[in-house]
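Overview (structure and organization)
Residue strings, one per chain:
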Amino acid sequence: MKAQTYSPGGIFGSHIRYVVPLFQRPYVWNREDQWEPLWEDVRSVAEAALDVSAPQAFGAPPVAPHFLGAIVLEQQAGPIGYIAVRHVIDGQQRLTTLQILIDAVQEVIETYGRPIDAQALRSMVLNDRAVTQMPEEVFKVWPTTRDQEAFRLVMDNDLQVPDELSGNSIVKAHAFFRSQASHWAGVTADPAQAAGNLAALAQVLTHHLQIVVIDLEPGDNAQVIFETLNHRGTPLLAADLIKNLLFQIATAQRADLDKLYTTYWAPFDTDYWREPIAQGRLYRPRVDVFLNYWLTVKLLREVATDRIFIEFRDHLRSTQQPVEEAIAELAAAARIYEGLERLPASSVPGRFYYRVTKALDSAAVTPFLLWLMSWQSKDLSLPERDRALQVVESWLVRRAVCRLSSQGVNRTVVDLLRALSSAGSPAEAGAVTEQFFGGQASETRLWPDDEWFVRATSQEPLYKLLTRPRLRMILEALEDDARSSMSEDQRCPRNLTVEHIMPQQWKDHWDSGLGLLEAAQRDRLVQTLGNLTLITLKLNSSISNGPWSAQVAHARGLKHDGKRAAILKHSVLKLNADLAVEHPDTWEDGDIRARGAAMADRAAAIWARPKGLPANAPDAAPIPASAAVLAEPAKAMSSARFAPQHSGKYRPLWTWLRGQKTDQASASFEEIEDVLNFKLPPSAREYTAFWYGTAGGIRGAIADAGWRAMEVNLVAEQVEFVRVEHLG
């Protein structure tokens, strides 16, 4: 390669075309990161030029040039008589911006400056039409396909940019530089001074900027050079590198580039694909997220986000897949990925996409979804496809409700894809998926059985333990399940809020003289699923802490008829209709438990687990401050134990509890760790069963001290202890 330094006049001064190949990324520079710094540099040089009061021949200091960076060019062969053409291999953002800047200043000079300066700059952006044979040959820089229309309009002083292109980056860049040049030159003040300022600016743009031009010679590998230099300017997306690679190969194979681009790649250059979306805790361009998922399907292994291009390149080399076939395959997968958001909400895939990737925030399963949706019905029947989706949805929902870790889902999905691939045919995808999860026994992958799931769904304070989207989704699913083909709408609305039937502040209207322990039990009970429903935000705010019945509301002088009447009047949900009809007078603790048990049974049917799989529920932990304890205090006392001594690593907690002067004590997990002088195991923060009971470990230390764990809040990491004597 040859490298030389040129001024813009040297680069653009002859009949020349610098063509940005269609496989390059579109124009992405912006005001804050590139336009403003570039203008400040140019302005500084122009002001230095104005300070030079005499020609250099008489000893005045020269104007120091400003270095703009480098561009890499590849000469293109063409018929004799055509204007010379070079492809821009690297630096196209810089070269395009420089042309926009020169043209914007030229437009200002044409109105407020000297004709000679306007003509000098005009010759740097346009070729003589007399030597052109195609309309676009008049432009000395010609951008990639997506930006050509906007570029053509802004570079012609006689054309008006339509409103639909006003948001285009090229249009905005041209307007920015035109505004800056006008303001700096002072075009609204002294005309002579403005013309002088603009003349200095024209001189700077012609002579006092420098660019290193690297001309590739025959035999130079343009793709390798492009990859080496891509770190300059705005960082390239993995998709930009992949696009460059594919079309470089297509060029070498003399493929029809315009057809390949228009047919397959053009959608990737739209704003939709470059929009940042969440992937885990980070935001990355949608196209790179898609490529990550697609490579996971192809390679059957996890792909690091910083290795997307490398893995794609190596995959292409190893498979020797024809380039057109590779681009077509990518485009087909992209259409599937883009279509996931438009799946019918009533379909199994649409329901899976909403519940799993959105509500459960488990986009890690997307490679599995892409794999399933890529098969035609002749290869994978719809019932078998839906069966596979329902298995994964059940696995994830059950694990979420049972508070099992969501870490490792990526690896689990990869192993599932391997199992599906090993089957040889997608025809049995549902059975293979069911067998895969049914055979998982490790804590990170097991599929909770009905006993475990029903217990957690009905008894755990899910309002405190689950994120609001997850809890809302569970209630929506229960509502959908309650509707039939004769319902006006077979799908629950998605814009409702979760409401407590008996409010969290129940003591205002629901207190019936409960003791301390019963009150603590109710505080926990109101957070369970049996006490939750869905209503509109407006209805929620109007009845949130009100009593259940009209009788109580009127007796207390309230201006409404209670929660039941409001729900019956305004809500169309089956959940709420059944609630109001079945409980006309009161809503009490026993009602919550009964409704919760019924809802849990229905949830187990919605997210079914095949019969015959091994049971895996842990031993049932006693419900804190359970009904059994309240109803049979003598029995509770007889089963309680007190040990004057305790050995083991949890002895410091035994000592701490023995030293308490009251019958109830509260401590955070961190405070307990300070007492113990070591960290609690992970299970302490994942399972309430770690704390409840009397046998072994920390449970034994608590019991030997004569105490019980009354309530454990895994979200707040807080434990409420009660002395066993107080339970009697």
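Predicted model only: the values in this text are computed from it and were never measured.

With that settled, consider the packing of aromatic side chains. All told, the structure shown has 25 aromatic pairs when counted by the stated rule. Taking 5.2 Å as the distance between ring centres and 65° as the angle between the ring planes, the aromatic pair formed by Phe 176 and Phe 177 counts as edge-to-face. You can call Phe 177 buried: its relative accessible area is 0%. Pairing Phe 247 with Trp 265 gives two aromatic rings, centres 6.4 Å apart and planes at 85°, and the pair type is edge-to-face. Of this pair, Phe 247 sits in helix α9 (residues 238-252) while Trp 265 sits in helix α10 (residues 257-265), and the two are 18 residues apart along the sequence.

With that settled, consider the sheet that holds strand β13 (residues 718-723). The strand order β11-β13-β12 describes an open sheet built from three strands, whose pairing is antiparallel. A strand with exactly one partner marks an edge of an open sheet, and here the two such strands are β11 (664-668) and β12 (707-713). Each strand of the sheet is rotated relative to its neighbour by a mean of 25°, with strand direction disregarded.

The next subject is the sheet that holds strand β4 (residues 84-90). Read across the sheet, six strands follow the order β1-β6-β3-β4-β2-β5 without closing on themselves; strand pairing throughout is mixed. At either margin of the open sheet sits one strand with a lone partner, and together these are β1 (2-6) and β5 (141-142). Here β1 runs beside strand β6 (residues 209-216); their pairing, made up of five bridges, is antiparallel. The residue of β6 that forms the bridge with Thr 5 is Val 212. Those strands touched by helix α3 (residues 92-112) are β2 (16-19), β3 (66-76), β4, β5 and β6, and its axis lies near 110° from that of β3.

Position of Thr 111 among the secondary structure elements: in helix α3. Taking C-alpha positions, Thr 111 is 9.3 Å from Val 187, a pair spaced 76 residues apart along the chain. There is a polar contact of 3.5 Å between the side chain of Thr 111 and the backbone oxygen of Glu 107.

A few words on empty space enclosed by the protein. Here the structure, examined in full by the defined rule, presents three cavities of 30 Å³ or more. Here the second largest cavity is characterised by a volume of approximately 40 Å³. Lining the second largest cavity, in full, are Val 365, Phe 368, Val 392, Trp 395, Thr 412, Val 413, Leu 416 and Phe 437. Taken together, the elements giving at least two residues each to the lining of the second largest cavity come down to α17 (382-401) and α18 (409-422).

Viewed as axis vectors pointing N to C, helix α12 (residues 286-299) and helix α14 (residues 323-339) meet at an angle of 110°, and their least axial separation amounts to 11 Å. Here α14 runs roughly perpendicular to α12, going by the angle between their axes. When the axes of α12 and α14 are compared, the crossing they make is right-handed. In this structure, α12 uses Arg 286, Val 289, Phe 290, Leu 291, Tyr 293, Trp 294 and Lys 298 to contact α14, whose residues at the interface are Glu 329, Leu 330, Ala 333, Ala 334 and Tyr 337. Residue composition of the contact of α12 with α14, by class: nine nonpolar, no polar and three charged.

Moving on, we come to the layout of surface pockets. Roughly 1,700 Å³ of internal volume is contained in the largest pocket. Lining the largest pocket are 50 residues; nearest its centre among them are Gly 280, Asp 361, Ser 362, Ala 363 and Ala 364. With five residues, α12 is the largest single contributor of residues to the lining of the largest pocket. The class makeup of the residues in the lining of the largest pocket is 24 nonpolar, 14 polar and twelve charged.

Turning next to the environment of Pro 191. Within the secondary structure, Pro 191 sits in helix α7 (residues 191-207). A relative accessible area of 60% places Pro 191 in the exposed class. When the C-alpha positions of Pro 191 and Tyr 112 are compared, they lie 7.2 Å apart, and in sequence the two are 79 residues distant.

With that settled, consider the nonpolar core. Buried together is how nonpolar side chains tend to be arranged in soluble globular proteins. Counting 103 residues, the largest nonpolar core has Leu 246, Phe 247, Phe 290 and Phe 368 as the members making the most contacts within it. Dropping the residues within four chain positions of it, Phe 290 is found in contact with Phe 268, Trp 273, Leu 330, Ala 333, Ala 334 and Tyr 337. Membership of the second largest hydrophobic core comes to 58 residues, among which are Val 20, Tyr 27, Leu 101 and Phe 139.

Segments scoring low in pLDDT should not have their predicted coordinates read at a detailed level. For the protein, per-residue confidence averages 86 on the pLDDT scale, and 89% of positions sit at 70 or higher. Contacts from residues 56-60, a stretch scored under 50 in pLDDT, to residues over four places away or in other chains number four contacts. Long-range and interchain partners of residues 621-641, a stretch whose pLDDT sits below 50, account for 37 contacts in this model, where long-range means more than four residues apart.

Here we take up unusual backbone geometry. Even without being glycine, Arg 254 reaches a positive phi, approximately 55°. Topologically, Arg 254 is positioned in the loop between α9 and α10. Positioned with a positive phi, Gln 320 is a non-glycine residue whose angle comes to about 55°.

The rules behind each value
- Residues numbered from 1 in each chain as written.
- Predicted model: local features only at pLDDT ≥ 70, side-chain atom pairs only at ≥ 80, totals over all residues.
- Heavy atoms only, no water.
- Phe/Tyr/Trp six-rings, centres within 6.5 Å; stacked < 30°, edge-to-face > 60°.
- Buried < 20%, exposed > 50% of the residue type's maximum accessible area, 1.4 Å probe, protein only.
- Helix = DSSP H or I, 4+ residues; strand = E, 2+ residues; numbered from the N terminus.
- Pairing = 2+ DSSP bridges.
- Axes fitted to C-alpha atoms, helices over the stretch in contact; angles between N-to-C directions.
- Contact = heavy atoms within 4.5 Å.
- Polar contact = N/O pair within 3.5 Å; in protein donor to acceptor, adjacent residues only side chain to side chain.
- 1 Å grid on protein atoms, 1.4 Å probe; cavity = no way out; pocket = protein on both sides within 12 Å on 5 of 7 lines; lining within 4 Å.
- Points joined across faces, edges and corners; volume = space filled by probe spheres on them.
- Parallel < 35°, antiparallel > 145°, perpendicular 65-115°, else oblique.
- Left-handed = near helix turned anticlockwise from the far one by under 90°.
- Nonpolar A, V, L, I, M, F, W, Y, C, P; charged D, E, K, R; others polar.
- Core = buried A, V, L, I, M, F, W, Y, C linked by side-chain atoms within 4.5 Å.
- pLDDT = per-residue confidence, 0-100.

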